[in-house]
Amino acid sequence: MATTAELDAPTRPTDAFREEVRGWIAENFPASLKNAGNAMATIEGPVDESADEKAWREAMGKKGWGVPTWPKQYGGGGLSPAEARVLNDELGRAGAYNPIGGMGVMMFGPTLLEFGTEEQKQKYIPDIAMSNIRWCQGYSEPGAGSDLASLQTFAEDKGDHYVVNGQKTWTSGGQWADKCFALVRTDKTQKHAGISFLLIDMDSDGVDVKPINLISGFSPFCETFFTDVKVPKENLVGQEGQGWSIGTRLLQHERNSLSGGGSSARMNAGEGVADIAKKYRGTDDKGGIADADLRTRIIKHEMDKRAFALTLRRAALDAKSNQGPSAATSIMKNVGARITQDRAELGVEIMGMNGLGWEGEGFSPEELNQTRVWLWGKAVSIYGGSTEIQNNVIAKRILGMLDHQ
């Protein structure tokens, strides 16, 4: 296996590049946003940007550094993986964040760069790179979850356009999205080979969205209904019948993003677990967490989290960035989900009754948020492909354990 130094060597960033990045951040990043979170990394609702947030997003977008390794001709930064890591390091050093996010960056953009026509790339990628529009994902259906290939939403060929009828569920951010990338059936006689990848404007006549309320108090998911929705033929990505291949590739990008932080970033925001433990459980005469058993479990959690971060970096280096994510993202997704849930469980345990409040006096905003984070975390091992589905992928595509007839 190539070493980190060997993999970085052909594109090793210079000290001059680091200084350029550091100077640009100092000049463009508003001090008021230091150590703030990235609202665009979530799907919890429309973002009301402050003047400083808008200025920072536009600056990063124009520079192309919101999607640093994407090609420059589509609004990306054109950076090497090593340069992108320098950018990320310097953002962290300055207490800054990448304001460009959402499903367009996580999933659709990388997929379109691989499978889209030149016209489609020119039309959609620049807006994603600037975070000008929101995308949502039309995959799951009431009768097609784990067995996604059984989906029934049908796109009927009408010459120069399709007419789409059907229903999608768990459409993340559907009520706020401008556009949807969807898997639809174009051939009812074939299962996998009858699926195509279609782009649908969410403001089209016949699109109806109904939010789903969750136990966490958030409502980021929706039921989405398509009734005689007209979609131009140029909105087809790839060829008819190629949707399953394109769609599964997109899922690799999604799992790669989820395992690397993505939605789990909300779990790790704010104070660290050790700091929370010291506040609620007290410290010993050496300044350590007073509860020895809790201290041991927090240390194990921090070790797991740091080892996971290093493994993610090694996997990225091995991929050399030009091959994209592999089936190994299923392993990363499962491990990331476990670490995220462990963190949420520790937070509730440490706060005790204070970590179980829902509303009313006697609870701080951080405590009320901990309850919602804990409940939200239950979904981490389900969305993006459940843990059980990932285990099947790992067994078949990585370990070579084929089904026995």
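Residues numbered from 1 in each chain as written. Predicted model: local features only at pLDDT ≥ 70, side-chain atom pairs only at ≥ 80, totals over all residues. Heavy atoms only, no water.

### Some remarks on the packing of aromatic side chains
Here is step 1: In this structure the tally under the stated criterion is 15 aromatic pairs.
Here is step 2: Here Phe17 and Trp65 contribute two aromatic rings whose centre-to-centre distance is 6.5 Å and whose plane-to-plane angle is 70 degrees, an arrangement assigned as edge-to-face. Of this pair, Phe17 sits in helix 2 (residues 15-28) while Trp65 sits in the loop between helix 3 (51-63) and helix 4 (81-93); the two residues are 48 residues apart in sequence, bridging distant segments of the chain.
Here is step 3: Pairing Phe29 with Trp56 gives two aromatic rings, centres 4.9 Å apart and planes at 70 degrees, and the pair type is edge-to-face. Linking Phe29 in the loop between helix 2 and helix 3 with Trp56 in helix 3, this pair joins segments that are 27 residues apart in sequence. In terms of burial, Phe29 and Trp56 fall into one category: buried.
Here is step 4: Sitting over the ring of Trp65, Lys63 keeps its end group 4.9 Å from the ring centre. (Phe/Tyr/Trp six-rings, centres within 6.5 Å; stacked < 30°, edge-to-face > 60°. Helix = DSSP H or I, 4+ residues; strand = E, 2+ residues; numbered from the N terminus. Buried < 20%, exposed > 50% of the residue type's maximum accessible area, 1.4 Å probe, protein only. Lys NZ or Arg CZ within 6 Å of the ring centre and 35° of its normal.)

### Re the confidence of the model for the protein chain
Here is step 1: Averaged over every residue, the pLDDT of the protein chain is 86; residues scoring 70 or more account for 86%.
Here is step 2: Segment residues 1-10 is flagged for pLDDT under 50; beyond a separation of four residues in sequence, or across chains, it makes 13 contacts in the model.
Here is step 3: Confidence drops under a pLDDT of 50 for residues 259-269, and excluding neighbours within four residues, the segment shows 23 contacts in the predicted structure. (pLDDT = per-residue confidence, 0-100. Contact = heavy atoms within 4.5 Å.)

### Considering the environment of Ile133
Here is step 1: Of note, Ile133 is situated in the loop between helix 6 (118-130) and strand 1 (135-138).
Here is step 2: Residues Ile133 and Gly102 lie 31 residues apart in sequence; the distance between their C-alpha atoms is 9.2 Å.
Here is step 3: Apart from residues lying up to four places away in sequence, Ile133 is in contact with Asp127, Asp178 and Lys179.

### Quick notes on the nonpolar core
Here is step 1: If you look at the biggest cluster of nonpolar residues, it comprises 30 residues, and the most contacted ones within it are Phe108, Tyr139, Phe181, Phe197 and Leu199.
Here is step 2: Elements represented by at least two residues in this core include exactly helix 5 (103-115), helix 6, strand 4 (179-185), strand 5 (195-201) and helix 7 (243-259).
Here is step 3: Take this core: its biggest share by element is 7 residues, from helix 5.
Here is step 4: When residues of this core are assigned to domains, at least three map to each of domain 1 (4-101) and domain 2 (135-242).
Here is step 5: Discounting chain neighbours no more than four positions away, the residues touching Phe108 are Met103, Tyr124, Ile128, Trp135, Phe181, Phe197, Leu199 and Leu250. (Core = buried A, V, L, I, M, F, W, Y, C linked by side-chain atoms within 4.5 Å. Domains from an automatic or database assignment.)

### Observations concerning the pairing of strand 1
Here is step 1: In strand 1, alternate side chains face the same way, and those of Trp135 and Gln137 on one face and Cys136 and Gly138 on the other are all buried.
Here is step 2: Bridge analysis of strand 1 against strand 4 gives 4 bridges, and the strand direction is parallel. Following the sheet pairing, Gly138 is matched in strand 4 by Ala182. (Pairing = 2+ DSSP bridges.)

### Points about the packing of helix 2 against helix 4
Here is step 1: Relative orientation of the contacting elements helix 2 and helix 4 amounts to 40 degrees, with a least axis distance of 10 Å. It follows that helix 2 is oblique to helix 4 by the angle criterion. Every pair of crossing elements has a handedness; the one defined by helix 2 and helix 4 is right-handed. Two secondary-structure elements touch here, helix 2 through Phe17, Arg18, Val21, Arg22 and Ile25 and helix 4 through Glu83, Val86, Leu87, Asp89, Glu90, Leu91 and Arg93.
Here is step 2: Considered class by class, the residues forming the contact of helix 2 with helix 4 number 6 nonpolar, no polar and 6 charged. (Axes fitted to C-alpha atoms, helices over the stretch in contact; angles between N-to-C directions. Parallel < 35°, antiparallel > 145°, perpendicular 65-115°, else oblique. Left-handed = near helix turned anticlockwise from the far one by under 90°. Nonpolar A, V, L, I, M, F, W, Y, C, P; charged D, E, K, R; others polar.)

### Digging into the pattern of salt bridges
Here is step 1: With the rule as written, the count across this model stands at 20 salt bridges.
Here is step 2: Residue Arg297 is joined to Asp293 by a salt bridge in which the shortest nitrogen-to-oxygen separation is 3.1 Å. Of this pair, Arg297 and Asp293 both sit in helix 9 (residues 292-319), 4 residues apart, which is roughly one turn of that helix.
Here is step 3: When its relative accessible area of 32% is taken as the criterion, Arg297 is described as partly exposed.
Here is step 4: With a closest N to O distance of 3.2 Å, Arg338 and Asp342 form a salt bridge. Remark: Asp342 and Arg338 occur in helix 10 (residues 329-351); sequence separation between them is 4 residues, near one turn of the helix.
Here is step 5: Because the salt bridges share partners, they merge into one network encompassing Arg18, Arg22, Glu90 and Arg93. (Salt bridge = Lys/Arg side-chain N within 4 Å of Asp/Glu carboxyl O.)

### Digging into helix 12 (residues 387-398)
Quick reminder: α-helices carry 3.6 residues per turn. Residues three or four places apart thus point the same way.
Here is step 1: Relative to the 16 Å expected for 12 residues at 1.5 Å per residue, helix 12 spans 15 Å between its end C-alpha atoms, a close match to the ideal helical length.
Here is step 2: Among all positions of helix 12, only Gln390, Val393, Ile394 and Ala395 are buried.
Here is step 3: Of the residues flanking the end of helix 12, it is Gly400, one or two places downstream, whose phi is positive at about 70 degrees. (Expected span 1.5 Å × (residues − 1).)

### Considering helix 10
Here is step 1: In a regular helix each residue adds 1.5 Å, so 23 residues correspond to 33 Å; helix 10 covers 33 Å between its end C-alpha atoms and thus fits that length.
Here is step 2: Looking at the residues trailing helix 10, positive phi occurs at Gly352, about 65 degrees.

### Observations regarding a nonpolar patch on the surface
Here is step 1: Nonpolar side chains collect at one region of the surface, where Ile331, Ile398, Leu399 and Met401 lie side by side and expose about 360 Å² of accessible area between them.
Here is step 2: Residue class for Ile398 comes out partly exposed when judged on its relative accessible area of 36%. (Patch = residues over 30% accessible without salt bridge, like charges linked within 9 Å, V, L, I, M, F, W, Y side chains within 5 Å. Areas by Shrake-Rupley, 256 points an atom, 1.4 Å probe, with all protein chains shown as cover.)

### Remarks on the environment of Glu254
Here is step 1: Of note, Glu254 is situated in helix 7.
Here is step 2: Judged by relative accessible area, which is 8%, Glu254 ranks as buried.
Here is step 3: Note: C-alpha distance between Glu254 and Val105 (149 residues apart in sequence) is 9.6 Å.

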